[in-house]
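Structural description and commentary
Here is how the chains run, residue by residue.
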Amino acid sequence: MTDHIRPQLGIMDIALYEGGAAHVAGVTDAVKLSSNENPFGPSDKAREAFQRAVHKLHRYPNTDHASLRRAIGETHGLDPARIICGVGSDEIIHFLCQAYAGPKDEVVFTEHGFLMYRISAMAAGATPVAVKERDRTTDVDAILAACNRRTKLVFIANPNNPTGTMIGLPEIERLANGLPKQAILVLDGAYAEYVEGYDGGAALATERANVVMTRTFSKIYGLGGLRIGWGYGPQAIIDVLNRIRGPFNLSTAQLEAAEAAVRDRDHVERCREENTRLRAWLAEALAERGVPSDTSTANFVLARFASEAEASACDEFLQTQGLIVRRVAGYGLPHCLRITVGDEASCRRVAHAIGQFKGQK
Ligand SMILES: *Cc1c(COP(=O)(O)O)cnc(C)c1O
């Protein structure tokens, strides 16, 4: 009788998300460069806050996240009332789709955009619309051409994952200006901290009624395992999202570790500087070995190979060397491998191994 029990339309069309691999069979000291994690981990202050939270495990967490929102607001110069915190920025993306898109509505994102946009749109019963990029870069004209009366949300990761490219604020502003009146522009700033001087779209989200910014503690803050993210935007939209947020969506440990992390600006600064230096080194080392990449503004490099077969053979060779990188065929880039910028030793190892792979052929 189970065929009477059916999920909502569209749910069974969702392809399961596959995370970056973490292990290679038979290798004990594998280096994981597949999930854009911070090789230096979180701030010591965040670790200490997490440990202190052990004394409060029997208490329910605070529901309004006021202390964390205040810390984020002070750090970024934003009004805490217009900030919402979630279980990773994934949860904010989910809230936006759930609150603003449903059957017959369209959710727009770019062809090599983050997979969660499609998943959350489909979970809400909306129609996902993938728009072509130009040379692996967001194409504002193509997005505007894809919008219509049914468009409710437009997601742009800037910098984008997995391409590593980004577009400038004037282009983003042109996009915000050109959208149909009922559509919200969501600027996903998961990698914004890696770009010196870039506010992730905060100023735009402050000024405009149709722009929301999402941010995460999973990347430069090195807290991917703890699951904390946030969104910032017009008060009216944040008020809507708060209605569907579970009151206890974040635990005390998450709230307190995130607050300590956001207040440790030195850690963020050091991680950004190391990433910038090692990313340039890695991209150059790969180019010298015959593997080009677009100029990355994030904490990974998208290595391009001649064919899907070559990318796949290189991935297999890297695994034999204990190096785990990310296949991105699911992002429409079968001839590429996404390689997280690790610490210096990991960057050297992966560049050396790719040189060996290229030399064997
Ligand atoms: C990693 C990443 C995120 C972060 O997701 P969390 O749920 O906060 O861990 C968001 N957007 C993009 C484009 C990412 O690559």
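Residues numbered from 1 in each chain as written. Predicted model: local features only at pLDDT ≥ 70, side-chain atom pairs only at ≥ 80, totals over all residues. Heavy atoms only, no water.

Summarizing the sequence annotation, UniProt attributes the feature "modified residue: N6-(pyridoxal phosphate)lysine" (unreviewed entry) to Lys 219 in the numbering used throughout. Turning to its location among the elements, Lys 219 is positioned in the loop between strand 7 (211-216) and strand 8 (229-232). The buried category is assigned to Lys 219, whose relative accessible area is 14%. If near-sequence neighbours (up to four positions away) are discounted, Lys 219 is found in contact with Ser 35, Asn 36, Asn 38, Ala 190, Tyr 191 and Tyr 194. (UniProt positions renumbered as here; feature names shortened; annotations may be inferred. Helix = DSSP H or I, 4+ residues; strand = E, 2+ residues; numbered from the N terminus. Buried < 20%, exposed > 50% of the residue type's maximum accessible area, 1.4 Å probe, protein only. Contact = heavy atoms within 4.5 Å.)

Turning our attention to the UniProt feature "domain: Aminotransferase class I/classII large" (unreviewed entry) in the protein. The positions that UniProt labels "domain: Aminotransferase class I/classII large" (unreviewed entry) are, in the present scheme, residues 29-354. Taken end to end, residues 29-354 is 41% helix and 16% strand, and its two terminal C-alpha atoms sit 18 Å from one another.

It is worth spelling out the packing of helix 2 (residues 66-76) against helix 9 (residues 252-263) at this point. At a minimum axis separation of 9 Å, helix 2 and helix 9 run at an interaxial angle of 15°. Classified by the angle their axes make, helix 2 and helix 9 are roughly parallel. Of the two elements, helix 2 crosses helix 9, and the hand of that crossing is left-handed. Within the contact between the two elements, helix 2 uses Ser 67, Leu 68, Arg 70, Ala 71, Ile 72, Glu 74, Thr 75 and His 76 and helix 9 uses Leu 255, Ala 258, Glu 259, Val 262 and Arg 263. (Axes fitted to C-alpha atoms, helices over the stretch in contact; angles between N-to-C directions. Parallel < 35°, antiparallel > 145°, perpendicular 65-115°, else oblique. Left-handed = near helix turned anticlockwise from the far one by under 90°.)

We now examine unusual backbone geometry. Look at the link from Asn 158 to Pro 159: it is a cis peptide, with omega at -5°. Along the chain, Pro 159 falls in the loop between strand 5 (151-157) and helix 6 (169-178). Here the bond from Asn 161 into Pro 162 is cis, since omega is 15°, no more than 30 degrees from zero. Positionally, Pro 162 belongs in the loop between strand 5 and helix 6. For Lys 104, which is not glycine, the phi dihedral falls at a positive 80°.

Here we take up the environment of Ala 309. In this fold, Ala 309 is placed in helix 11 (residues 308-320). Sequence separation of Ala 309 and Pro 334 is 25 residues, and the distance between their C-alpha atoms is 8.7 Å.

A few words on the site of the ligand. In the region of the ligand, 13 residues are neighbours, and Ser 89, Asp 188, Thr 216, Ser 218 and Lys 219 sit closest. Between the ligand and Ser 89, the relevant distance is 2.6 Å, taken from an oxygen atom to a main-chain nitrogen or oxygen of the residue. One of the backbone N or O atoms of Asp 90 is found 3.0 Å from an oxygen atom in the ligand. Here the ligand loses 94% of its free accessible area of 390 Å² to cover by the protein chains. Here the shell around the ligand gets three residues from one element, more than from any other, and that element is helix 3 (residues 88-100). Among the residues making up the shell around the ligand, the classes are represented as four nonpolar, five polar and four charged. (Near = heavy atom within 4 Å. Polar contact = N/O pair within 3.5 Å; in protein donor to acceptor, adjacent residues only side chain to side chain. Areas by Shrake-Rupley, 256 points an atom, 1.4 Å probe, with all protein chains shown as cover. Nonpolar A, V, L, I, M, F, W, Y, C, P; charged D, E, K, R; others polar.)

Within the largest apolar cluster, 52 residues are counted, with the highest numbers of intra-cluster contacts made by Leu 185, Phe 217 and Trp 230. Looking at this core element by element, the count peaks at five residues for helix 9. Shared between two domains, this core holds at least three residues of each, these being domain 1 (2-41 + 266-360) and domain 2 (44-263). Among the nonpolar cores identified, the runner-up in size contains 30 residues, and Cys 97, Phe 114, Ile 184 and Cys 336 belong to it. (Core = buried A, V, L, I, M, F, W, Y, C linked by side-chain atoms within 4.5 Å. Domains from an automatic or database assignment.)

Moving on to the sheet that holds strand 8. Taking strand neighbours across the sheet as the criterion, the seven strands line up as 2-8-7-6-5-3-4 in an open arrangement whose pairing is mixed. Every interior strand has two partners, whereas the edge strands, strand 2 (83-86) and strand 4 (127-131), have only one. With strand direction ignored, the average angle separating the axes of adjacent strands in the sheet is 20°. Relative to strand 8, strand 7 is paired through four bridges, and the arrangement is antiparallel. Looking at strand 8, one finds that Met 213 is bridged to Tyr 232. Against the sheet, helix 6 contacts strand 5, strand 6 (184-188) and strand 7, and its axis sits at roughly 155° relative to strand 6. (Pairing = 2+ DSSP bridges.)

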